[in-house]
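Summary of the model geometry
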Amino acid sequence: MPTLARLRALTSLRYFRQHQAQWILALVGVATGVAAVVAVGLARESVQQAFEASRIALSGAATHTIVAGQGSLDRSAYASLRRTAGYVPMAPRIRAQVTGPDGMPWTLSGIDVVREAPFARAGSGADDGPAFPTADWFAGSPLVIVPAGTAPVGDTLRFTVGGEEIAATVAADYRVDAPGTLRVLLADIGTVARWLNRPGELDAIDVIAAAGDLEALQDALPAGARLEPVERATGGLTRAFDLNLTALSLLTALVGAFIVFNTFSFLVLQRRDLFALEHRLGVPLRSQRRQILLEALGTGIVGSGIGLAAGIALGEVTLRITRRTVSNLYFDVSGAALEIDPRVLLAGFMVGIAACVGAALWPARQVGSAERRRSGSAGWLLLVLTAGLAAGITLLVTPTGLPGALLGVFLTALAYAALGAPLLSRVTEPVVRAFPLQGIPLLGLSLRRLPRAVDRMLPAATALTLAVATVVGVATMIDSFRATVDDWLRQSLTADYYVATDGAPLDGSLPDQLRATAAIEAVSRFATSPARLGTIETELTAADLPAAGYAGFTLQTGTIDDLRARFDGEAVAVVSEALARRSGLGPGDSLTVETGRGEVTATVAAIASDYRAGTGRVTMSWQSVERQLGALSLGSMGLYAAPGATIPDVEAALLGALNGRPDLRLSDTTNIRALSLSIFDQTFEITRALQWIAAIVALVGLTGSLLALQLDRRRELRLLEALGMTAGERRRALRIEALLIGAVTCIFALPLGLLLAWALTAVINLRAFGWSLAPDFAGPALALGPVVALLGAWIAGGIAGRFESLADGGTS
């Protein structure tokens, strides 16, 4: 038996040597899957580590932070806390976004260096030796502490605060321990308050509080302030980021496993006749099946090793995309470097091996099965797939929650593709008969062989169907989402300009000053504060709107006229769709939101679409909120230009009214919309990349299928060669055949793509985020399906033709 085992091992090695192209494609499949898993995993872990390191560097040892319920804290609140709870380490701070010396956004942080030592955060280790100008620092001189390498100590550093250039002297530098501190400038808190024109104001007070200190601190808080754990400010962002990238990693792993399954299955299926002969000669089925699994294991080890190296290289590209998206949406991790995590490498390696062995289980089980038994199994398989398709659609159309919807998408796609592939051969045969084939021998040859080719290429047809459907579905979802957000931005941004600040409230007299200018016709006022609706974290926005401002509500219930008639006089609220779905609120229901300054009650007047990030918001009139909470601090404004006013007129009026507030940010509607859509596009860069991973699935699978088909046709090919057909003509025939298979498969894939598009937009997004999206089935995304199918088939046919002699063991 050992001799027989060695002979069979040599047979396997000889088979792989003679069919190098097939084995190479199997390795490509394994390596591609492992590389995708490793790349996304390394990028995820690298950004996560940078995220946490930056958070720790900026918050240091702080355990809690004290913030205002709305607007900013008064500096007297800090003095009061020092008197009543001075035993607790605390440090005030002011932060603002500025334009740094490189033209990029920087964070300007005002600190009290006397109180910073216990917090051990970025800047605490600044050089405070003899060269440090201590007297000038406390005297209010324009001094800054910069990240190491930004500028030499003593040099002048120029940055822009709200359009005003500040020239400051570099007093010291600090070691950069985290990517999030690469663009952080530190200055004395009094100096920063003067630069921002915010005397007597604080953004927050950081504290280091033990469990026994919390109750005393809570009692000592000034009216309207609240005490929050440090993790609360960034924990939600961390969890959202982690959830998104985890989902992306699992999706990529699924795509990689499918590549492995598709390519390796052919290596097993091609030798089914050989295994049948071995069994007749006395080789046990158990031994044959073990041989298949050992081959799969060896292929998995080699392919996974290649995939690890490729994954590390691909991880750099994935990290660049990921950190740009995270920096725009969550936190500055632009300096994050790729961290090689052994756990990610081990996970990717095990995924490759498990996928290879798993891909071989079903073909190994089929070795030695009688045709009659396979036919009976096919009937059961058809029944199971039909039940899976029905179950998937049922999960999509019934309220089963997000996990049920995701399972429904998976079952629907897999069952549809598996059911549709066998129909291809039955559809292609009458199509072939309908073609007039006289006078076109090459095309006629390809067409006549097509039904049998499709029948032998069902796994590849299934792969191509899924790939095309995925491309169409994801692209349609992204285009539909983008169009919906664009329409919402156009409607909601009713003003011509918007004015906001980086935390400090605006001067309450600004609206009247601007209305008095000839260039401004109307002004809207907004005050937004964190709030809680039951157990749901949300936001309360108080809005004072002119007549034109009401058009900014994209109402799903009620009318604008009814809302306008009730908005100012009654305690009514407009609830965002996402919050309404999470809380179960509807028009006419009563709600109570808790803010840092007290509770606000209202009646739900309407539900409105809102695609901003977060858990939703409650919008009430300025007057209604003031009646319940008292005077509000102005957070932002919308400015409506007067008829006939030119852009220079409006800008001149704004600059005159806003003089003395360098921290204010002025944006026109066009720029806000363009920036929002730009961030949207960056957010979906990785998702778009997954479409092309799906295209790679189709390319690899179809190429392997065509090579396997050529192996089955060796006798036919040699006969055609003897009759005078050249190698070039054989390759052209193979390419035509691949194109026809791609075209027919695309016809089956498009309905699935449209179904996936509907599921992703109308079901998944709704259950995941509470957003209603209208699928756009007329967009250019539909054209991607035929492009992927035909272009992939053309490339696969060309590759298979080039490797024809290699696939045939060098004999053709």
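Residues numbered from 1 in each chain as written. Predicted model: local features only at pLDDT ≥ 70, side-chain atom pairs only at ≥ 80, totals over all residues. Heavy atoms only, no water.

Considerations on the overall build of the protein chain
- The number of helices and strands found in the protein chain is 26 helices and 20 strands.
- Sequence separation of 24 or more characterises 82% of the internal contacts of the protein chain that already satisfy a separation of 6 or more.
- Accessible surface, the protein chain as shown: approximately 35,600 Å² in total, 61% of it carbon and sulfur. (Helix = DSSP H or I, 4+ residues; strand = E, 2+ residues; numbered from the N terminus. Contact = heavy atoms within 4.5 Å. Areas by Shrake-Rupley, 256 points an atom, 1.4 Å probe, with all protein chains shown as cover.)

Some remarks on the pairing of strand E8 (residues 184-188)
- The element E8 is largely enclosed, with a buried count of 5 among its 5 residues.
- Relative to E8, strand E4 (residues 105-111) runs parallel, the two sharing 5 bridges. Residue pairing across strands places Gly 110 opposite Ala 187, the latter belonging to E8. (Buried < 20%, exposed > 50% of the residue type's maximum accessible area, 1.4 Å probe, protein only. Pairing = 2+ DSSP bridges.)

Thoughts on the nonpolar core
- Formed by 38 residues in total, the largest nonpolar core has its most connected members in Ile 66, Leu 108, Phe 159, Trp 195, Ile 205 and Val 207.
- By size, the runner-up hydrophobic cluster in this structure holds 37 residues, among which are Leu 514, Leu 591, Val 600 and Val 618. (Core = buried A, V, L, I, M, F, W, Y, C linked by side-chain atoms within 4.5 Å.)

A short note on the pattern of salt bridges
- As enumerated under the stated definition, the model contains 14 salt bridges in all.
- Two residues, Arg 343 and Glu 45, come together in a salt bridge whose shortest N-O distance is 3.9 Å. Residue Arg 343 is located in helix H11 (residues 342-366), and its partner Glu 45 is located in helix H2 (residues 20-59); the two are separated by 298 residues in the primary sequence.
- According to the relative accessible area criterion, Arg 343 is exposed, its value standing at 60%.
- The buried category is assigned to Glu 45, whose relative accessible area is 16%.
- As a salt-bridge pair, Arg 566 and Asp 562 come within 3.9 Å of each other at their nearest N and O atoms. (Salt bridge = Lys/Arg side-chain N within 4 Å of Asp/Glu carboxyl O.)

Things to note about the side chain of Thr 476
- Note on placement: Thr 476 falls in helix H15 (residues 458-492).
- Engagement of the side chain of Thr 476 in a polar contact is seen with the backbone oxygen of Val 472, the distance being 2.7 Å.
- Setting aside anything within four residues of it in sequence, one finds Thr 476 in contact with Ala 757, Asp 776, Phe 777, Ala 781 and Leu 782. (Polar contact = N/O pair within 3.5 Å; in protein donor to acceptor, adjacent residues only side chain to side chain.)

Structural notes on helix H3 (residues 75-85)
- Of the residues making up H3, those classed as buried are Ala 77, Tyr 78, Leu 81 and Ala 85. All buried residues of H3 project into a common sector of 100 degrees when viewed along the axis, lining one side. (Arc of directions from axis to C-beta.)

A closer look at the environment of Arg 75
- By secondary structure assignment, the location of Arg 75 is in helix H3.
- What makes Arg 75 partly exposed here is its relative accessible area of 33%.
- With 124 residues separating them along the chain, Arg 75 and Pro 199 place their C-alpha atoms 8.7 Å apart.
- Non-local contacts of Arg 75, meaning those with residues more than four positions away in its chain, are made with Ile 189, Ala 193, Gly 200, Glu 201 and Leu 202.

What about the pairing of strand E3 (residues 90-99)?
- By the criterion of burial, E3 is predominantly enclosed, with 7 of the 10 residues buried.
- Bridge analysis of E3 against strand E10 (residues 204-207) gives 4 bridges, and the strand direction is antiparallel. From the neighbouring strand, Pro 92 faces E10, where its bridge partner is Ile 205.
- Relative to E4, E3 is paired through 7 bridges, and the arrangement is antiparallel.

Topic: the environment of Glu 278
- If you trace the backbone, Glu 278 turns up in helix H9 (residues 272-280).
- Taking the C-alpha atoms as reference, Glu 278 lies 8.4 Å from Gln 288; in sequence the two are 10 residues apart.

Some points on the packing of aromatic side chains
- The full count for this structure, using the stated rule, is 6 aromatic pairs.
- Plain terms: the ring middles of Phe 159 and Trp 195 are 5.6 Å apart, the flat faces sit at 75 degrees to each other, and that makes the pair edge-to-face. A residue pair is termed long-range when its members are at least 10 positions apart, and Phe 159 in strand E6 (residues 156-161) and Trp 195 in helix H6 (residues 189-195) qualify at 36 residues.
- Summarising the aromatic geometry, the rings of Phe 481 and Trp 771 are spaced 5.7 Å apart at their centres and angled 55 degrees between planes, so their arrangement reads as tilted. Highlighted residues: Phe 481 in helix H15 and Trp 771 in the loop between helix H24 (727-769) and helix H25 (784-802), separated in sequence by 290 residues. Trp 771 matches Phe 481 in its accessibility class, with the two residues each being buried.
- Each residue in the set Phe 481, Trp 488, Tyr 611 and Trp 771 is aromatic and connected to the rest through ring pairs, giving one cluster. (Phe/Tyr/Trp six-rings, centres within 6.5 Å; stacked < 30°, edge-to-face > 60°.)

Examining a nonpolar patch on the surface
- Residues Val 787, Leu 791, Trp 794 and Ile 795 make up a contiguous nonpolar surface patch of roughly 350 Å² in combined accessible area.
- Structurally, the position occupied by Trp 794 is in helix H25. (Patch = residues over 30% accessible without salt bridge, like charges linked within 9 Å, V, L, I, M, F, W, Y side chains within 5 Å.)

Quick notes on the side chain of Ser 609
- With respect to the secondary-structure elements, Ser 609 resides in the loop between strand E17 (598-608) and strand E18 (617-621).
- Sequence-distant contacts of Ser 609, that is, excluding residues within four places in its chain, are made with Trp 488, Thr 554, Gln 556 and Glu 577.

Quick look at the environment of Val 30
- Relative to the helices and strands, Val 30 is located in helix H2.
- For the pair formed by Val 30 and Gly 307, sequence separation is 277 residues and the distance between their alpha carbons is 7.0 Å.

Notes on the confidence of the model for the protein chain
- With 72% of its residues at a pLDDT of 70 or more, the protein chain shows a mean pLDDT of 75.
- Low pLDDT, under 50, characterises residues 232-241; the predicted model gives this stretch 17 contacts beyond four residues in sequence or across chains.
- Below a pLDDT of 50 lies the segment residues 370-377, which in the model reaches 4 contacts outside its immediate sequence neighbourhood of four places, other chains included. (pLDDT = per-residue confidence, 0-100.)

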